[in-house]
Amino acid sequence: MKREDFVFTIGYHGNAAIVDAKAKRKYGKMSTMDLAERGLYRSAFASALYSGDEAETGAFIRYYCEQTGAELGVAVDFKRLFGVDEVREVSKIIAV
């Protein structure tokens, strides 16, 4: 799955990812922190998760906690908060 598809996935139907096509077109090329600074926290977290870079994920977590006053500190908390988990193998992308 491409990064832009994962970042803007809004759900799954079987082995197909359902992607927000409008958001993907508008914000798909933005970095994790650019997304976070625009308030697109779920997409920013998905971007950080997709990168696999602990420093990037940590930077997002710190930024989110500073902006919201949340006291979350580990990626597992954010996976639950945003409903985002590891990158899944999908056979099809459905753009809506």
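Refer to the structure presented above.
The model shown is predicted, which means the values in this text are computed figures rather than measured ones.

(A) Expanded view of the packing of helix α4 (residues 41-51) against helix α5 (residues 54-68). Here α4 crosses α5 at 160°, and the two axes come no closer than 8 Å. Viewed along their axes, α4 and α5 adopt a mutual orientation that is roughly antiparallel. The two elements α4 and α5 meet at a crossing, and its hand is left-handed. Judged by residue contacts, Tyr41, Ala44, Phe45, Ser47, Ala48, Leu49 and Ser51 of α4 engage Glu56, Thr57, Phe60, Tyr63, Tyr64, Gln67 and Thr68 from α5. Counted by class, the contact of α4 with α5 contains eight nonpolar, five polar and one charged residues.

(B) Layout of the environment of glutamate 89. With respect to the helices and strands, the residue glutamate 89 is situated in the loop between α6 (75-82) and β3 (92-95). Once the C-alpha coordinates of glutamate 89 and glycine 73 are considered, the two residues, 16 residues apart in sequence, prove to be 28 Å apart.

(C) View of the sheet that holds strand β2 (residues 16-19). The three strands are arranged β1-β2-β3 in an open sheet whose pairing can be described as mixed. Strand pairing shows two members of the sheet lacking a second neighbour, β1 (9-13) and β3, which therefore form its edges. Along the sheet, successive strands turn relative to each other by an average axial angle of 30°, direction set aside.

(D) Local environment of the nonpolar core. Phe8, Leu35, Phe45, Phe60, Phe78, Phe82 and Val84 are the most contacted members of the largest nonpolar core, which totals 22 residues. At the level of elements, α1 (3-7), β2, α2 (21-27), α3 (32-37), α4, α5 and α6 are the ones that each hand at least two residues to this core. Element by element, the count of residues in this core is highest for α5, at five residues.

(E) Examining α4 more closely. Looking at α4, one finds that the buried residues are Ser43, Ala44, Phe45, Ala46, Ser47, Ala48 and Leu49. Buried positions along α4 lie against α1, α3, α5 and α6. Taken from the residues just after α4, glycine 52 is the one with a positive phi, measuring 75°.

(F) Quick peek at the pattern of salt bridges. Taken as a whole, this structure holds four salt bridges when the rule is applied. Glutamate 86 is paired through a salt bridge with lysine 79; the nearest N and O atoms lie 2.6 Å apart. Residue class for lysine 79 comes out partly exposed when judged on its relative accessible area of 21%.

(G) Focus on the environment of serine 51. Inspection of the secondary structure assignment puts serine 51 in helix α4. Distance in space between the C-alpha atoms of serine 51 and arginine 3 is 8.2 Å, their sequence separation being 48 residues. At 3.2 Å, the side chain of serine 51 forms a polar contact with the side chain of glutamate 56.

Cut-offs and rules
- Residues numbered from 1 in each chain as written.
- Predicted model: local features only at pLDDT ≥ 70, side-chain atom pairs only at ≥ 80, totals over all residues.
- Heavy atoms only, no water.
- Axes fitted to C-alpha atoms, helices over the stretch in contact; angles between N-to-C directions.
- Helix = DSSP H or I, 4+ residues; strand = E, 2+ residues; numbered from the N terminus.
- Parallel < 35°, antiparallel > 145°, perpendicular 65-115°, else oblique.
- Left-handed = near helix turned anticlockwise from the far one by under 90°.
- Contact = heavy atoms within 4.5 Å.
- Nonpolar A, V, L, I, M, F, W, Y, C, P; charged D, E, K, R; others polar.
- Pairing = 2+ DSSP bridges.
- Core = buried A, V, L, I, M, F, W, Y, C linked by side-chain atoms within 4.5 Å.
- Buried < 20%, exposed > 50% of the residue type's maximum accessible area, 1.4 Å probe, protein only.
- Salt bridge = Lys/Arg side-chain N within 4 Å of Asp/Glu carboxyl O.
- Polar contact = N/O pair within 3.5 Å; in protein donor to acceptor, adjacent residues only side chain to side chain.

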